[in-house]
Amino acid sequence: MSVDVRTRVDGEQATVEPARFFEDDLPAALGAAAPLLAEAGAVLRLPPLVIEVDGDSWTLERHDGAFAVVPGATSADDAMHLRLDAGQLSDLVADQVTPMGWFSSGALTLSGRLERLLDWWLVLRGALDGVAPHVSGAMAFDDAAGAPLDLAQRFGWDDDDEEMDRFLGQAGFLHVAGVFTEDEMAAVSADMDRAAPTYSQGDGRSWWARTDDGSDRLVRMQGFDAMSGAAASLVSDGRLARLGALTGDGHQWGSMESNALEALVKPIGVVEGISDVPWHKDCSLGRHSYECCSLTVGISVTGADETSGQLRVVAGSHRALVWPAFLRRDNPLPVLDLPTGTGDVTVHLSCTLHMAQPPVERERRVMYTGFRLPPLRPAAAAEARRRLRDVRETAATTVSQPPSTVRG
């Protein structure tokens, strides 16, 4: 089951002229996508959003049941204000960045709540890409025979590739037990101990965090395949290649380029630094339509559960236009824990919402690597956009169609 949802390639991005965009292009897109945005408008109940670009302002608002763009800045008390320059607007329109990208880099100038801006981002992406935001309602998860999937299923190494492929495409993640042995993971763990002294704060190849006892802890060792013969041997012996080939999209190992394999330690009591990352998609900062979906592969050097840093996922979030980070209080999609044993492997798609649960009783050790899609030809991107337009037009004429059936 293909998970390639790319519709853009680098080099095609055109400069967006603000006045033309807000006065012509965006109103036309909002009008064309009105049936797809109707439920989002009713559920989200958005305050007005004033967007200022290099001194000129436009107000996005919902009026008489439809989204509209009004020249100038509203004086409404509940209005939010977002300040951009022309380059930021072009990047936003072309999906090079999300509000989370600006927030993470310190480039976000916003008066109002980030969560409400993410709601407006759903509307903008929905209009520009012709996709219905998923703001309510269940999502179907079916096996090849049409029966409901057991989302808690753990696969074994001897299970059928087609079944694993189907599950990954439907749920956005996969758990395969016992891929590596306890002895193999013990050798990797010993190499982690030996490699740790070769990393230092500020070296550009490691992440550090401070724990509540005041200690600075090494939490991520990049380029670990160059530091561990055991790890390098395991990731190149064909087992992971089998998982990378499941979707038939030609995924290539080494999605992190010069950093093909990372070794992570999840300590207890982190109070500063990035160790246990909260809810996010791997495309949360931008470029979903250029790169998704790549495959992120976790190898459990030690087992993990709710007390020791397990992975959690939102099933089906790769198939839905939802926030790129954080989890809405009224999230309608299933949230699952992925407890693992030593040697288990998890796979999640780059636009599946996931998070690492902070350990509270026992530290966790895990390695991460990945597979990325081969380069996309411009002609293929154009064909993907044509198919997306067809889906949009079909959905727009079927107002009762649930938004979860439109892939984001």
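A brief structural summary. (Residues numbered from 1 in each chain as written. Predicted model: local features only at pLDDT ≥ 70, side-chain atom pairs only at ≥ 80, totals over all residues. Heavy atoms only, no water.)

Some details on the side chain of Arg319
The line we're drawing: Every helix listed is a DSSP run of H or I at least four residues long, and every strand listed is a run of E at least two residues long, numbered separately from the N terminus. Any pair of N or O atoms that falls within 3.5 Å is considered a polar contact. Within protein, one atom must be able to donate a hydrogen and the other to accept it, and sequence-neighbouring residues count only if both atoms are side-chain atoms.
When you line up the elements, Arg319 lands in the loop between strand 14 (311-314) and strand 15 (335-338). A distance of 3.0 Å separates a polar side-chain atom of Arg319 from the backbone oxygen of Gln170.

Some details on the pattern of salt bridges
Selection criterion: Salt bridge, as used here, is a side-chain nitrogen of Lys or Arg placed within 4 Å of a carboxyl oxygen of Asp or Glu. To sort residues, take the accessible area from a 1.4 Å probe on protein chains only and compare it with the maximum for the residue type: under 20% means buried, over 50% means exposed, and anything in between is partly exposed.
One pass over the structure, following the stated rule, counts 22 salt bridges. Notably, a salt bridge pairs Asp216 with Arg210, separated by 2.9 Å at the nearest N-O pair. Among the ionic pairs, Arg220 bridges to Glu262, the shortest N-O distance being 2.6 Å. Of this pair, Arg220 sits in strand 9 (residues 216-221) while Glu262 sits in strand 11 (residues 262-266); the two residues are 42 residues apart in sequence, bridging distant segments of the chain. Relative accessible area serves as the criterion here: at 12%, Arg220 is assigned to the buried category. In the salt-bridge network here, residues are joined through shared partners; they are Arg116, Asp119, Arg328 and Asp330.

Quick look at the pairing of strand 18 (residues 364-372)
Along any regular strand, the residues point their side chains to alternate faces of the sheet. For the record, the criterion: Here, strands pair whenever DSSP counts at least two bridges between them.
Strand 18 sits mainly inside the fold: eight of its nine residues count as buried. By the bridge criterion, two bridges tie strand 10 (residues 252-253) to strand 18 in an arrangement that is antiparallel. Its bridge partner being in strand 18, Gln252 is matched across the sheet by Arg372. Relative to strand 18, strand 13 (residues 295-300) runs antiparallel, the two sharing six bridges. Across the sheet, residue Leu295 finds its bridge partner in strand 18, namely Phe371.

Some remarks on the packing of helix 1 (residues 18-32) against helix 5 (residues 114-129)
To be explicit about the condition: Lines fitted to the C-alpha atoms define the axes, with helices restricted to the stretch that makes contact. Angles between their N-to-C directions range from 0 to 180 degrees. In these notes the angle categories are as follows: under 35 degrees is roughly parallel, over 145 is roughly antiparallel, 65 to 115 is roughly perpendicular, and the rest is oblique. Should any heavy atoms of two residues lie within 4.5 Å, those residues are considered in contact. For this classification, Asp, Glu, Lys and Arg are treated as charged, while Ala, Val, Leu, Ile, Met, Phe, Trp, Tyr, Cys and Pro are nonpolar and the rest, including Gly, are polar.
Between helix 1 and helix 5, the least distance of the axes is 8 Å, while the angle of their chain directions is 80 degrees. Regarding the angle of helix 1 to helix 5, the classification is roughly perpendicular. Of the residues in helix 5, those touching helix 1 at Phe21, Leu26, Ala29 and Leu30 are Val123, Leu124, Ala127 and Leu128. Here the contact of helix 1 with helix 5 is built from residues that sort into eight nonpolar, no polar and no charged.

Notes on the sheet that holds strand 17 (residues 354-356)
Spatially, the three strands line up as an open sheet ordered 15-14-17, and their pairing is antiparallel. Strand pairing shows two members of the sheet lacking a second neighbour, strand 15 and strand 17, which therefore form its edges. For this sheet, the mean inter-axis angle between neighbouring strands, taken without regard to orientation, is 20 degrees. When strand 14 meets strand 15, the two strands line up antiparallel, connected through four bridges.

Focus: a negative patch on the surface
Stated formally: Residues qualify for a patch when their relative accessible area is over 30% and they have no salt bridge, like charges being joined within 9 Å and the nonpolar side chains of Val, Leu, Ile, Met, Phe, Trp and Tyr within 5 Å. For the accessible areas, the method is Shrake-Rupley and the probe is 1.4 Å, while residue cover comes only from the protein chains on display. Residues scored as charged are limited to Lys and Arg (positive) and Asp and Glu (negative), so that His and the chain ends carry no count. Charge placement uses NZ in Lys and CZ in Arg. For Asp and Glu, CG and CD serve respectively.
A cluster of acidic residues, Glu17, Glu23, Asp24, Asp54, Asp56, Asp85 and Asp91, forms a negative patch at the surface. With respect to the helices and strands, the residue Asp24 is situated in helix 1.

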